[in-house]
Amino acid sequence: MPVDTALSDLARPIESDQPWPRPSCPNCQAGYIGFSSPIEDEGHDSASARNHPAFEPEWISGTFAIRGQCENPECQQAVHGTGDYRVNYSQKSSRDDEFEYQGNSYSSYYAVTHLHPPMLMMPIPKSAPDQVREGVLRASRVLFTDPGLAATALRATVERFLTSEGISATRSNGQFRNAHERIKEWRNADPNRPPVADLFFAVKWLGNAGTHEDSDLTTMEVLDGARVLDEAFHRLFTGPDIDAHAQTINAAKGPSREP
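This structure is a prediction, so every number in the text was calculated from the model and none was measured.

Summing up its helical and strand segments, the protein chain has seven helices and six strands in all. From first element to last, N terminus to C terminus, the protein chain shows the α and β order α-β-β-β-α-β-β-β-α-α-α-α-α. When burial is assessed residue by residue, the protein chain has 39% of its 259 residues classed as buried. Sequence-distant contacts, at least 24 apart, represent 56% of the contacts inside the protein chain between residues at least 6 apart. Entry remark: accessible area of the protein chain is about 15,000 Å², with carbon and sulfur atoms responsible for 49%.

According to the stated counting rule, one finds 11 salt bridges in the structure shown. Between Arg12 and Asp9 there is a salt bridge; the shortest N-O distance is 3.0 Å. Overall, the relative accessible area of 37% leaves Asp9 in the partly exposed class. Between Arg22 and Glu71 there is a salt bridge; the shortest N-O distance is 2.6 Å. Linking Arg22 in the loop between strand 1 (14–15) and strand 2 (33–35) with Glu71 in the loop between strand 4 (61–70) and strand 5 (78–93), this pair joins segments that are 49 residues apart in sequence. Residue Arg22 is classed as partly exposed on the basis of its relative accessible area of 42%. For Glu71, a relative accessible area of 44% translates into the label partly exposed. A cluster of three or more residues bridged by salt bridges with shared partners is formed by Arg171, Arg177, Glu181 and Glu185.

Moving on, we come to the packing of helix 4 (residues 147–164) against helix 5 (residues 179–188). At a minimum axis distance of 10 Å, the contact between helix 4 and helix 5 shows a crossing angle of 45°. Overall, the two elements helix 4 and helix 5 adopt an arrangement that is oblique. In this structure, helix 4 meets helix 5 at a crossing whose hand is left-handed. Residues Val158, Glu159, Phe161, Leu162 and Thr163 of helix 4 form the contact with helix 5, whose own contacting residues are Ala179, Arg182, Ile183 and Trp186.

Along the chain, the position of Gln175 falls in the loop between helix 4 and helix 5. Setting aside chain neighbours within four positions, we find Gln175 in contact with Ala169 and Thr170.

Residue Pro117 follows His116 across a cis peptide bond; omega there is -5°. Here Pro117 lies in the loop between strand 6 (99–116) and helix 3 (130–141). For Gln29, which is not glycine, the phi torsion reads 55° and is therefore positive. Tracing the sequence through the fold places Gln29 in the loop between strand 1 and strand 2. Gln29 gets classed as partly exposed once you look at its relative accessible area, which sits at 42%. Its identity as a non-glycine residue notwithstanding, Gln76 has a phi of 55°, on the positive side.

Rules and cut-offs
Residues numbered from 1 in each chain as written. Predicted model: local features only at pLDDT ≥ 70, side-chain atom pairs only at ≥ 80, totals over all residues. Heavy atoms only, no water. Helix = DSSP H or I, 4+ residues; strand = E, 2+ residues; numbered from the N terminus. Buried < 20%, exposed > 50% of the residue type's maximum accessible area, 1.4 Å probe, protein only. Contact = heavy atoms within 4.5 Å. Areas by Shrake-Rupley, 256 points an atom, 1.4 Å probe, with all protein chains shown as cover. Salt bridge = Lys/Arg side-chain N within 4 Å of Asp/Glu carboxyl O. Axes fitted to C-alpha atoms, helices over the stretch in contact; angles between N-to-C directions. Parallel < 35°, antiparallel > 145°, perpendicular 65-115°, else oblique. Left-handed = near helix turned anticlockwise from the far one by under 90°.

Here you go:
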């Protein structure tokens with residue numbers, strides 16, 4: 001399963017009265033989360049501005065809360081979300097999928113900043129080490145709240161994988177090694193590894209950008225990094241599992257069944 005496209009949709013402002021994205025359930029990963037209508041709470045400054053003689057609806061803003069639930073009847077996991085909203089001109093989709101302003105009609109636009117439990121940023125292969133699983137979960141928790149921190153956590157996930165592969169995080173004198181050096185050591189140990197190492201380097205660069213104090217990484221850019229890391233882990237974990245299963249089918253010349 002690739003990176004959930006619904007996460008990209010949740011990273012964009014969602015207009016009131018428009019359907020909300022339905023991300024995969026973080027609990028069962030079989031159902032989808034259906035969201036109810038957001039509950040708005042206008043901010044203090046916004047409410048105070050209503051008395052201004054030049055007040056316009058575009059001045060309205062505040063926070064919102066939303067509740068979702070897994071549509072799988074055997075799961076029904078609840079998800080709670082929060083974020084910011086603002087009011088602006090309403091838009092509608094035309095036949096060519098372009099958007100156009102609708103006169104003086106207004107809508108609320110909701111920007112998600114937090115979901116709990118978090119939506120998994122990327123699928124986690126069953127055969128991946130526990131360290132990798134925890135790294136993806138840490139990145140997913142802050143995806144909407146702090147994209148820079150999420151990118152840093154993705155880079156740390158690569159380092160967690162390297163540790164599980166026996167690539168030491170420290171030198172003999174106790175000093176920490178940087179991610180670039182560790183990826184190179186892992187890459188050079190096997191001639192088949194350079195293509196995957198290139199994917200790791202890309203995630204590392206995004207993580208480096210996320211650590212800067214002036215980082216302006218967006219959620220969409222972090223999700224692009226998740227797609228790269230997902231491909232790396234697919235090649236390392238999922239691909240070999242599928243190859244091994246195919247070999248058992250070939251050996252049996254049909255379904256592989258226990259006697």
